[in-house]
Amino acid sequence: ASKQAQLMEVLKKEVRAMLIAAKAGLTPEQLEEQYMAMVCKPLPLRDLGFQSTLELVTQMPEVVRICSFKNGPVILKAIADDSTKGIAKLVANQKVKTRSKASKKTGTKVMATFPTKSFRNPQSFQALSAGTPILPATVKAELQELLSSSPLLLADLNKAFLRRFGRAFQYRQYGFSSMSEVLRSVSDSIVVEQTKAGSVLGLRKYLASKIEREAVPQGEAEEEAMPPLEPICETESFYHAALQMDSEPGQTQAVDLGDHLKQVSGWTNDLQIFHFIFQRGATLFTSFVSFPPTPEVPPDAVQDRSLCSLPPLKRRCLVGVIVEFIVSPSQFYIHISSTEASYKLQDLMFEMRHVYSHKVASDKYIMPESAVRPGQLCCVMVSKWWYRVIIHRVINEQEVEVFYADYGHLQIVQKSWLRFLKWHYLKLPAQAIPCSLAWVKPVEGRWSSAAILLFKHLCHFKELVGIVDEYVDGVLYLFLCDTSTKEDVYFHSVLRDMGYADVCGENIPSQEFEELNLSALYVQPSGEQGDGEVMESDLHLQQESRDADSETATLKLDGAEL
């Protein structure tokens, strides 16, 4: 009974946190989905003796308000307590805006809050808008693939998505409140046209032609040679020439044998002929017997190289970020939010899919058992898409655990899914940046599950504004701010006000990253990769907030100003 009571108290905090973050409330089904997404396990209904989610929340009258509407779904809304009233008020004031209005508001507010002497490109600061949720790059690519063959009625989208990818298109889990919001967020690549049959979705012309060029069926790929995607070096040309020689053994052997026979025919002494045959016997024998060729590693396969990291951001610069993967407020990974960075990673994924989907090329880059070892940079196919990964550990004869250098998480995959990474794909730096929230530490030594859950909700598929503080042992410490509300919401202040964190005015080294920092382990710092031609040192993603030597400004931690 005591265990059930403790579990119920923890669950009440988690449910309140999830419902407070949802301005319009959640249906019981959405609450189940949100809980599974955030906690990675279903609601503990059976452990608490309940048959349904609705039955569970009826036993939380101080936490959940149940709103039922005639001919409509049941909506669950949070009842704030003293410690969460401030957060509930901020969420209630949150506006639903168009991207342009949000961008204008964001630029004005943050620059007024964080005064600067100069900006290199004030117009590009609009990219820091946090008014619209962001569709993950992989999901956006799936939508583009779905529409690459032909336009699709909006009414048929869910059915077609489920049939193609084996799961429903649940846009709400990415922070969107409607399908129109989703379509606005991908308007750079997907266009909506109104017809008599209804709204029709299609790819913009330039992208449709690009995907059409890349979508070559595997059967056709086996019949025709695949054109190279980058200049072939002399080594690779020599390799192909060697393959051609190996493919015509009969002709070469005939020439060699002819030379031997010509040499023998010039001798009259039987003893000379006997000695010649005895000495050359092994060579002549192997000329007639074909042995299976030893598998060769392609010359453009990456073997002993590492990806480099993105160039470091300058202290106190403002930058748009998307939080990709979260362990805790002291250990998470971000993407820099910009059109340029997004397109580079998306283009890389399309190109890798184009190359490795051809059976001939895919077989060529199969990794032998000797190459499947910790630290090996390679690529893996998951749900038809290819990702750059580093092998972290070998689990057994069939499985390995890999680190996704562009997203920041670990996953166990099949060895058979791995392929050598082509040298060409070293060029783009690893896109995932290891981060910790600046100036905070957990009150209990370790972050509680409720604190982690709240932090995940604050970050949930939103475009945020990051204020860079410093790097410590390769980890970026930054403040995170949500500018989509009437008042800017600083995450360190929210965690402090909820009683989950202490604001300490300095950066305490992340205990989680000290235990395991996969980026530091496998990704080389920018500028240390070796060959300059495979690096991208020009990063047009950051905004200077002040001169590097200026130390006059102070950072106030009251949630209203930094």
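Computed from a predicted structure; not experimentally measured.

Rules used in this analysis
Residues numbered from 1 in each chain as written. Predicted model: local features only at pLDDT ≥ 70, side-chain atom pairs only at ≥ 80, totals over all residues. Heavy atoms only, no water. Core = buried A, V, L, I, M, F, W, Y, C linked by side-chain atoms within 4.5 Å. Buried < 20%, exposed > 50% of the residue type's maximum accessible area, 1.4 Å probe, protein only. Helix = DSSP H or I, 4+ residues; strand = E, 2+ residues; numbered from the N terminus. Contact = heavy atoms within 4.5 Å. Salt bridge = Lys/Arg side-chain N within 4 Å of Asp/Glu carboxyl O. Phe/Tyr/Trp six-rings, centres within 6.5 Å; stacked < 30°, edge-to-face > 60°. Pairing = 2+ DSSP bridges. Axes fitted to C-alpha atoms, helices over the stretch in contact; angles between N-to-C directions. Parallel < 35°, antiparallel > 145°, perpendicular 65-115°, else oblique. Nonpolar A, V, L, I, M, F, W, Y, C, P; charged D, E, K, R; others polar. Expected span 1.5 Å × (residues − 1). Polar contact = N/O pair within 3.5 Å; in protein donor to acceptor, adjacent residues only side chain to side chain.

Draft legend 1. Representation of the nonpolar core in the model. In this structure, Tyr387, Tyr404 and Leu418 are the most contacted members of the largest nonpolar core, which totals 58 residues. The element contributing the most residues to this core is helix α15 (residues 339-356), with 7 residues. Leaving out residues up to four positions away in the same chain, Tyr387 has contacts with Thr138, Met349, Met352, Cys378, Cys379, Val380, Val382, Tyr404 and Tyr407. Leu313, Cys317, Ile433 and Trp447 belong to the second-largest nonpolar core, a separate cluster that totals 57 residues.

Draft legend 2. Representation of the pattern of salt bridges. For the structure on display, the rule yields 16 salt bridges. Close ionic contact of Arg353 with Glu145 constitutes a salt bridge, the shortest N to O distance being 2.6 Å. Taken together, the residues span a long stretch of sequence, with Arg353 in helix α15 and Glu145 in helix α7 (residues 137-148) at a distance of 208 residues. By relative accessible area, Arg353 is classed as buried at 16%. For Glu145, a relative accessible area of 8% gives the class buried.

Draft legend 3. How the structure looks around the packing of aromatic side chains. For the structure shown, the criterion picks out 14 aromatic pairs. Centroid distance Phe332 to Phe455: 5.3 Å. Interplanar angle 55 degrees. Geometry classified as tilted. Of the two residues, Phe332 sits in strand β7 (residues 331-336) while Phe455 sits in helix α17 (residues 449-459), which places them 123 residues apart along the sequence. Here Phe332 matches Phe455 in class, with each residue buried. When the ring of Tyr356 is compared with that of Tyr365, the centres are 5.9 Å apart and the planes differ by 75 degrees; the resulting orientation is edge-to-face.

Draft legend 4. Highlighting unusual backbone geometry. Phi is positive for Lys384, which is not a glycine, with a value near 75 degrees. One can find Lys384 in the loop between β8 (377-382) and β9 (385-394).

Draft legend 5. Looking closely at the sheet that holds β9. The strand order across the open sheet built from 5 strands is β11-β10-β9-β8-β12, with neighbouring strands paired in antiparallel fashion. Taken across any chain shown, the strands that pair with only one partner, and hence form the sheet edges, are β11 (410-414) and β12 (418-420). Averaged over all pairs of adjacent strands, the angle between strand axes in this sheet comes to 50 degrees, irrespective of strand direction. Where β8 lies against β9, 6 bridges are found, and the strand directions are antiparallel. Among the inter-strand pairings, Val382 is bridged to a residue of β9, identified as Trp385.

Draft legend 6. Representation of the packing of α7 against helix α8 (residues 157-165) in the model. Taken N-terminus to C-terminus, the directions of α7 and α8 make an angle of 100 degrees; their axes are 11 Å apart at the nearest point. The angle between α7 and α8 falls in the class roughly perpendicular. The segment α7 lies against α8, with Glu142, Leu143, Glu145 and Leu146 engaging Leu157, Ala160, Phe161, Arg164 and Phe165. Here the residues of the contact of α7 with α8 sort into 6 nonpolar, no polar and 3 charged.

Draft legend 7. Representation of the environment of Ser526. Within the secondary structure, Ser526 is located in the segment after α20 (518-522). In sequence terms Ser526 and Ser309 are 217 residues apart; their C-alpha atoms lie 5.0 Å from each other.

Draft legend 8. Quick peek at the pairing of strand β13 (residues 433-437). Taking burial as the measure, the 5 residues of β13 include 5 buried ones, the bulk of the element. Examined bridge by bridge, β7 and β13 share 3 bridges and lie antiparallel to one another. Within β13, the residue paired with Phe332 across the bridge is Cys435. Pairing of β13 with strand β16 (residues 475-482), which is carried by 3 bridges, proceeds in the parallel orientation. Paired with Ser436 across the two strands is Tyr477, which belongs to β16.

Draft legend 9. How the structure looks around the pairing of β8. Within β8, 5 of the 6 residues are buried, which leaves the element mostly enclosed by the surrounding structure. If you look at the hairpin formed by β8 and β9, you'll find 2 residues sitting between the two strands, and Ser383 has a positive phi there, around 50 degrees. Bridge count for β8 against β12 is 3 bridges, and the pairing is antiparallel. Within β12, the position partnered with Val380 by the bridge is Leu418.

Draft legend 10. Looking closely at α17. Among the 11 residues that make up α17, 10 are buried, leaving the element largely enclosed by the rest of the structure. Buried residues of α17: Ala450, Ala451, Ile452, Leu453, Leu454, Phe455, Lys456, His457, Leu458 and Cys459, and no others. Residue Phe461 follows α17 closely and has a positive phi angle near 50 degrees.

Draft legend 11. Spotlight on helix α1 (residues 2-21). In this model α1 runs 29 Å from its N-terminal to its C-terminal C-alpha over 20 residues, within 8% of the 28 Å that 1.5 Å per residue would give. Of all the positions in α1, only Met8, Leu11, Lys12, Glu14, Val15, Arg16, Ala17, Met18, Leu19 and Ile20 are classed as buried.

Draft legend 12. The environment of Glu514, seen in detail. By secondary structure assignment, the location of Glu514 is in helix α19 (residues 511-515). Judged by its relative accessible area of 56%, Glu514 falls in the exposed class. Separated by 41 residues in the primary sequence, Glu514 and Asp473 have C-alpha atoms spaced 9.1 Å apart.

Draft legend 13. Local environment of the side chain of Ser189. Considering the arrangement of structural elements, one finds Ser189 in the loop between α9 (179-185) and β4 (190-195). A polar side-chain atom of Ser189 sits 3.0 Å from a polar atom in the side chain of Gln144.

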